[in-house]
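Each chain, letter by letter, is given below.
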Amino acid sequence: MNFTNFGRYLLLLKAVFRRPEKFKIYLQAIFKQMDFIGVGSLGLISIISTFIGAVMTLQIAFQLVNDFIPKTIIGSVNRDSSILELSPTISAIVLAGKIGSAISSEIGTMRVTEQIDALEIMGINSPGYLILPKIIAGITMVPLLVIISMFLSITGGYLGGTLSGAVSPAEYIQGITTDFNPYTITVALVKAFVFGFIITSVPAYEGFYVKGGALEVAQASTRAVVVSCITILACDYLVTQLLL
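What you see is a predicted model, and the numbers here were worked out from it, not measured in a lab.

Rules of the game
For every chain, the first residue of its written sequence is number 1, and the numbers climb from 1 along that sequence. Predicted model: local features are reported for residues with pLDDT of at least 70 only, side-chain atom pairs are reported and counted for 80 or more only, and whole-chain, interface and lining totals are derived from all residues. As a rule here, side-chain values come from all non-hydrogen atoms in the structure, and water together with hydrogens is ignored. Helix and strand labels come from DSSP, where a helix needs a run of H or I of at least four residues and a strand needs a run of E of at least two; each type is numbered from the N terminus. A simple rule labels every residue: compare its accessible area, found with a 1.4 Å probe on the protein chains alone, to the largest value its type can have, and call it buried under 20%, exposed over 50%, or partly exposed in between. By definition, no residue in a patch forms a salt bridge, and every one has over 30% relative accessible area; like charges are joined within 9 Å, nonpolar side chains (Val, Leu, Ile, Met, Phe, Trp, Tyr) within 5 Å. Computed with the Shrake-Rupley method and a 1.4 Å probe, the accessible areas treat only the protein chains shown as cover for residues. The salt bridge criterion pairs a side-chain nitrogen of Lys or Arg with a carboxyl oxygen of Asp or Glu, the two atoms within 4 Å. Between N-to-C directions, angles span 0 to 180 degrees; the directions come from axes that are lines fitted to C-alpha atoms, helices contributing only their stretch in contact. Angle categories are assigned with fixed cut-offs, so that under 35 degrees is roughly parallel, over 145 is roughly antiparallel, 65 to 115 is roughly perpendicular, and the rest are oblique. For any helix crossing, the convention is left-handed if the near helix is rotated counterclockwise from the far helix by under a right angle, and right-handed if that rotation is clockwise. Here a residue-residue contact requires only that any non-hydrogen atoms of the pair lie within 4.5 Å. Ten residues, namely Ala, Val, Leu, Ile, Met, Phe, Trp, Tyr, Cys and Pro, are considered nonpolar, four, namely Asp, Glu, Lys and Arg, are considered charged, and the remaining ones, Gly among them, are considered polar. Here the expected span of a helix is defined as 1.5 Å times the quantity of residues minus one.

**Student:** Looking at this model, I keep getting lost on the overall build of the protein chain. Mind explaining?
**Tutor:** Each helix and strand in the protein chain was counted, giving 9 helices and 0 strands. Reading the secondary structure of the protein chain in the N-to-C direction produces α-α-α-α-α-α-α-α-α. C-alpha atoms of the protein chain, sized along the principal axes, occupy 70 × 35 × 30 Å. The buried share among the 244 residues of the protein chain stands at 44%.

**Student:** Could you clarify how one ought to interpret a nonpolar patch on the surface in this entry?
**Tutor:** Together, F23, L27 and F31 make up an exposed nonpolar region whose accessible area comes to about 310 Å². Topologically, F31 is positioned in helix α2 (residues 23-39).

**Student:** How do you make sense of the environment of F193 when you look at a structure like this?
**Tutor:** Within the secondary structure, F193 is located in helix α8 (residues 183-208). Sequence separation between F193 and M141 is 52 residues; the distance between their C-alpha atoms is 8.9 Å.

**Student:** Any chance you could explain the packing of α2 against helix α6 (residues 126-164) here in plain terms?
**Tutor:** At a minimum axis distance of 8 Å, the contact between α2 and α6 shows a crossing angle of 45°. Relative to α6, the element α2 is oriented oblique. The handedness of the crossing between α2 and α6 is right-handed. Seen from α2, the contacting residues are I25, Y26, A29, I30, Q33, M34, I37 and G38; seen from α6, they are G128, Y129, L132, P133, K134, I136, A137, G138, T140, M141, V142 and L145. Across the contact of α2 with α6, the residue classes break down as 14 nonpolar, 5 polar and 1 charged.

**Student:** What should I look at first to understand unusual backbone geometry in this one?
**Tutor:** Both trends apply: most residues other than glycine have a negative phi, and most peptide bonds are in trans. At E114, a residue that is not glycine, the phi angle is positive and equals roughly 65°. Among the structural elements, E114 can be located in the loop between α4 (72-112) and α5 (115-121).

**Student:** Even after reading the chapter, I still don't get the environment of R223, so can you show me in this structure?
**Tutor:** If you trace the backbone, R223 turns up in helix α9 (residues 214-243). Sequence spacing of R223 and I52 is 171 residues, and the spatial spacing of their C-alpha atoms is 27 Å.

**Student:** Help me out: how do you make sense of α9 in this one?
**Tutor:** Two residues of an α-helix separated by three or four positions point the same way, owing to the 3.6 residues in each turn. Taking 1.5 Å of rise per residue, 30 residues should cover 44 Å, and α9 covers 43 Å from first to last C-alpha, within 8% of that figure. Here α9 has its buried residues at V217, A220, S221, A224, V225, S228, C229, I232, C235, D236 and V239. On its buried face, α9 sits against α4 and α8.

Now the structure itself:
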């Protein structure tokens, strides 16, 4: 059954990436989705990233009680863990819940109210018209949100560490600037690109093939979030294995 779903998912993507009829109409939809995915999620990502950075700094400081380990290591560990794992993955899972459920519900409601059938009768490529703008917005805005999340997570670590007295401002700044490897940001952005694609395409698939009524739309929405989160974690492992 899972192979059947995967095959239908690939066939849907093939229809999504078919050449659009009028790119101008798609362009308006892309900007609308960028606003929903990017600007609409900015506040939530900012709050979560700042607090996760602060908590991580306190936990690292709690574990590094050895006098032989310099406190500057707190900043460097928080920096690398935020860039490589926390910012891309936590942001993606949060966005899968917020954006994924909305996309699945929107397309699922259109399916059960026969709006998608009406589009197809008019000769419009409904997968491309409904899903392509969401995917383009996802692979564009999720990496931008992850970059903001990285910055705020490291800033949150600074605030949490210095306000609690776990690390001095000079030690933390020395830690985040020492032995920095820019390649970690490349890995994080590749993850963000992949996650952005998953967050938009998987819920769209779940919503597109809904059958029934309001109850089935709700079930598809829940299933979309669960499948997206599992796929994100699996792809997180694969990308890390390939790039690191």
